[in-house]
Amino acid sequence: MASSSGLRLLGGRRIAGSPEKALIASASEIYMARGCDLCFPGRKAVVFVTGLCDDSCFYCPVSREKLGRDVFYVNEVRVSSVDEALAEVARIGARGASLTGGDPLVAFHRTVELVNAFKEYFGPGFHLHLYTSGRRLTAEAAIALWRAGLDEVRIHPTEPSLLSRVGLVRRHTGMSVGVEMPIAPGMEALAIEAVRAVERFGGDFVNLNEMEIVEPNARALLARGYTESRLRPFTVRGSLEAALRVLEWAAENSRVPVHFCPASFKDSIQTGNRMRTSAHLDAYWYEEPTASGTLVWGEVRGSNAPEGLGERRGSTILLPPDEALLSYIARRYGGEAFIVEAHPTPDRSPIVSERRVD
Ligand code: SF4
């Protein structure tokens, strides 16, 4: 049987997929959390609700500009209100959103307001999942989030006792609930405990993320003896093998679907798909989306061309990236012509390349 992601069982074993895309251990059929089905093709917005958090995990990948600060982003675009977040999610054409941080429950009222606003504006089919350590997840908080329209809760167990929050969500709400945690050598026991807890409390899934080694966590990881994998750049050596040990255990001993999410897949394929969708939906008439998800356009700077020729921004005229046209306008009306490529953010930054046209 195949999921919407198209993965198939391999040779009758109960671990399916590939280490580049995803690995899944499932007793009955290929199964991924609903939130992953939309995340896979990059149709989910990442809403960073706040950088505030009660924990200090040694592997925390959140940047210093965000962690511990009450800042609010949609993908990498800074926003300052729920309405701005809504507008940015609409702009990129997302079909759902993940609410993350920090811990979104530290900014509880903002989180509930976001869930309400997304469901009201985009409708009940707009899928929302939330990451939390569970430290602040009381029955009242879970019920409030469920009533606002939240679909799925992913507990990130920063300590084993927090695994019981799976049961709390199951008992008090109708939301899907599971555990999501990074995996590296030495963390297999906690991951197996998570699988057991999800089974015991009637939860739905366990997701294991390949542990990334990035600037904010590199020093702490190295101090604990972790090193970077030579075969899988920017990941902790042995993370994949640790995940395989847990998947094999789960395939033999549990009916809980366990899913391993490779870092390269998240970074290159999901983010690439998300950028390609935004680029297509948000392109102005003079911009061309590229296969890599950027936008390309032409500029003639410092030109005296008449009104109505292209899109005017001060003394710059924006036009399609046609070299012959740009060169003709610059010769006829003065100015310098360029072809510019940038990310499909509202302010078209960062610029990827800029090339002068003669
Ligand atoms: S709970 Fe998440 S945001 Fe908070 S310190 Fe741990 S990894 Fe970082």
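Conventions and cut-offs
Residues numbered from 1 in each chain as written. Predicted model: local features only at pLDDT ≥ 70, side-chain atom pairs only at ≥ 80, totals over all residues. Helix = DSSP H or I, 4+ residues; strand = E, 2+ residues; numbered from the N terminus. Rg over C-alpha atoms; globule rule 2.2 N^0.38 Å. Buried ≥ 20, exposed ≤ 12 C-beta atoms within 10 Å, placed from the backbone. Contact = placed C-beta atoms within 7 Å. Pairing = 2+ DSSP bridges. Arc of directions from axis to C-beta. Axes fitted to C-alpha atoms, helices over the stretch in contact; angles between N-to-C directions. Parallel < 35°, antiparallel > 145°, perpendicular 65-115°, else oblique. Nonpolar A, V, L, I, M, F, W, Y, C, P; charged D, E, K, R; others polar. Near = placed C-beta within 6 Å. Domains from an automatic or database assignment. pLDDT = per-residue confidence, 0-100. Left-handed = near helix turned anticlockwise from the far one by under 90°.

Time to look at the overall build of the chain. A count of helical and extended segments in the chain gives 10 helices and 17 strands. Computed over the C-alpha atoms, the radius of gyration of the chain is 23 Å, within 12% of the 21 Å expected from 2.2 N^0.38 for a compact globule of 358 residues. By principal-axis analysis of the C-alpha atoms, the chain measures approximately 75 × 45 × 45 Å. Counting the 358 residues in the chain, one finds 42% classified as buried. Relative to all contacts within the chain whose residues are 6 or more apart in sequence, the contacts with residues 24 or more apart total 66%.

Strand order in this open sheet of 11 strands is E1-E2-E11-E10-E9-E8-E7-E6-E3-E4-E5, and the pairing throughout is mixed. Lying at the two open borders of the sheet, with one neighbouring strand each, are strand E1 (15-18) and strand E5 (77-78). Relative to strand E11 (residues 258-261), strand E10 (residues 205-210) is paired through 4 bridges, and the arrangement is parallel. Pairing of Asn209 across the sheet is with Cys261, part of E11.

Arg165, Val166 and Val169 are the residues of helix H5 (residues 165-172) that are buried. Considered in projection along H5, the buried side chains sweep an arc of 115 degrees and stay on one side of the axis. Residues of H5 that are buried in the fold lie against helix H4 (139-148), strand E8 (152-155), strand E9 (176-183) and helix H6 (188-200).

Contact geometry for helix H3 (residues 108-122) and H4: axes closest at 8 Å, N-to-C directions at 25 degrees. One finds that H3 runs roughly parallel with respect to H4. Contacts between H3 and H4 involve Phe108, Val112, Val115 and Asn116 from the former and Ala141, Ala144, Leu145 and Ala148 from the latter. Split by residue class, the contact of H3 with H4 holds 7 nonpolar, 1 polar and no charged.

Here we take up the site of the ligand. The environment of the ligand is formed by Cys53, Asp55, Ser56, Cys57, Cys60, Val62, Gly101, Gly102, Asp103, Ser133, His156 and Thr158. Across the shell around the ligand, the residue classes break down as 4 nonpolar, 6 polar and 2 charged.

Domain annotation of the chain identifies domain 1 (15-276) and domain 2 (285-357). Each of domain 1 and domain 2 was reduced to a C-alpha centroid, and the two centroids are 39 Å apart. The interface of domain 1 with domain 2 comprises 5 residues on the first partner and 6 residues on the second. Per-element tally for the side of domain 1 that touches domain 2: the top contributor is helix H9 (residues 263-282), with 3 residues.

Let's shift gears to the confidence of the model for the chain. Averaged over every residue, the pLDDT of the chain is 88; the share at 70 or more is 91%. This stretch, residues 1-13, has a pLDDT under 50; its non-local contacts, to residues over four places away or in other chains, come to 23 contacts.

Let us look at the packing of H4 against H5. The contact between H4 and H5 brings their axes to 9 Å, and the two run at 55 degrees. With respect to H5, the axis of H4 lies oblique. Handedness of the crossing formed by H4 with H5: right-handed. When H4 is examined against H5, the residues Ala139, Ala142 and Ile143 are found in contact with a partner set consisting of Leu168, Val169 and His172. Residues of the contact of H4 with H5, tallied by class, amount to 5 nonpolar, 1 polar and no charged.

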